[in-house]
Amino acid sequence: MVKQMIWTRRVWQGLGTVALAIAFMTACTEVPNGDNQPPVVNEQPPAENNQPPGGEDPTDNNPDSNPGETTPQPTVYWLKDEGDRLALAPVEVAPTAETPTGQLENLFTQLLTETPEDGLSSTIPPGTELLSLIIQGDGIVVNLSEEFQFGGGSASMIGRVAQVLYTATSLDPTAGVWFQIEGEPLEVLGGEGLEIAQPMTRDSFTTDFDL
């Protein structure tokens, strides 16, 4: 009788152990989300520096993304009397041509034929004509009629050179200008022998002359 009770106890202990093992295995294989699918892991790293996932800022290729930069505008340069000296007086003009050459030709038409507004003047002699204007790789060739070289003293000569130079380079302030008179290089202007650098730039003008 005693042996039978011991055997029965061992059987129940064995069944209990098996039940615990089955419960443990069931608990280990349960999926928390209940649909037998593993949790989704986002392997996409976070974007850095506020850039999109592709790593490129779409504004990099946008020419309007730098509001601090300004595009040079077509400008005619007149002169203003400041008492003891002449100063350049820029007047912006609305674009009236589709090409840079066309825009510059229109600017020179105004410079050589129109009367500036009150308070402004020009030392370019009346009758001066633009014979041709060519934009080329090493600068802008401005070919003027012979009237450009007559009349006035040194201040007048320097003033007219500045007007032509700055008007011609209003679309590209760093460009050089080749001065010609009737198709020939202009090396010396006026009876006082004003030397004209070929090509002349805004930087070289401010170095060599003072309005």
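Parameters and conventions
Numbering of residues starts from 1 in each chain and follows the order in which that chain's sequence is written. The model is predicted, so local features are restricted to residues of pLDDT at least 70 and side-chain atom pairs to those at 80 or more, both for listing and for counting; the totals for chains, interfaces and linings are taken over all residues. In computing side-chain values, all of the structure's heavy atoms are included and hydrogens and water are not. Residues belong to a common nonpolar core when they are buried Ala, Val, Leu, Ile, Met, Phe, Trp, Tyr or Cys residues joined through side-chain atoms within 4.5 Å. Burial classification: accessible surface area is computed with a 1.4 Å probe over protein chains only, and a residue below 20% of its type maximum counts as buried, one above 50% as exposed, and the rest as partly exposed. Secondary structure elements follow DSSP: runs of H or I of four or more residues count as helices, runs of E of two or more count as strands, with numbering from the N terminus. Two residues qualify as a contact provided that any one of their heavy atoms is within 4.5 Å of a heavy atom in the partner residue. Being paired, for any two strands, means DSSP has found at least two bridges between them. Under this scheme, a helix contributes an axis fitted over its contacting stretch, all axes are lines through C-alpha atoms, and angles between N-to-C directions fall in the 0 to 180 degree range.

Engineer: Quick question: what am I supposed to make of the nonpolar core here?
Structural biologist: Ranked by internal contacts, the top residues of the largest apolar core, which has 37 residues, are Val-142, Phe-179 and Phe-205. Here the element with the most residues in this core is helix H3 (residues 154–168); it accounts for 8 residues. Dropping the residues within four chain positions of it, Phe-205 is found in contact with Ile-158, Val-161, Ala-162, Leu-165, Tyr-166, Met-200 and Leu-211.

Engineer: Just checking my understanding: could you explain the sheet that holds strand S5 (residues 177–181) for this structure?
Structural biologist: Backbone hydrogen bonds hold the strands of a sheet together, and the pairing may be parallel or antiparallel. The strand order across the open sheet formed by 4 strands is S3-S4-S5-S6, and the pairing between neighbours is mixed. Unpaired on one side and paired on the other, strand S3 (130–136) and strand S6 (184–185) mark the two borders of the sheet. Set on the sheet, H3 makes contact with strand S4 (139–144) and S5; between it and S5 the angle comes to about 130 degrees.

Engineer: Quick question: what am I supposed to make of the pairing of strand S2 (residues 86–92) here?
Structural biologist: Pairing of strand S1 (residues 75–81) with S2 involves 7 bridges; the strand directions are antiparallel. Bridge assignment links Val-76 to a residue of S2, and that residue is Val-91. Two successive antiparallel strands, S1 and S2, enclose a turn made up of 4 residues, where Gly-83 displays a positive phi of approximately 90 degrees.

Engineer: Explain the environment of Ile-134 here, please?
Structural biologist: Within the secondary structure, Ile-134 sits in strand S3. Distance in space between the C-alpha atoms of Ile-134 and Glu-105 is 9.6 Å, their sequence separation being 29 residues. Not counting the four nearest positions on each side in its chain, Ile-134 is found in contact with Gly-139, Ile-140 and Val-141.

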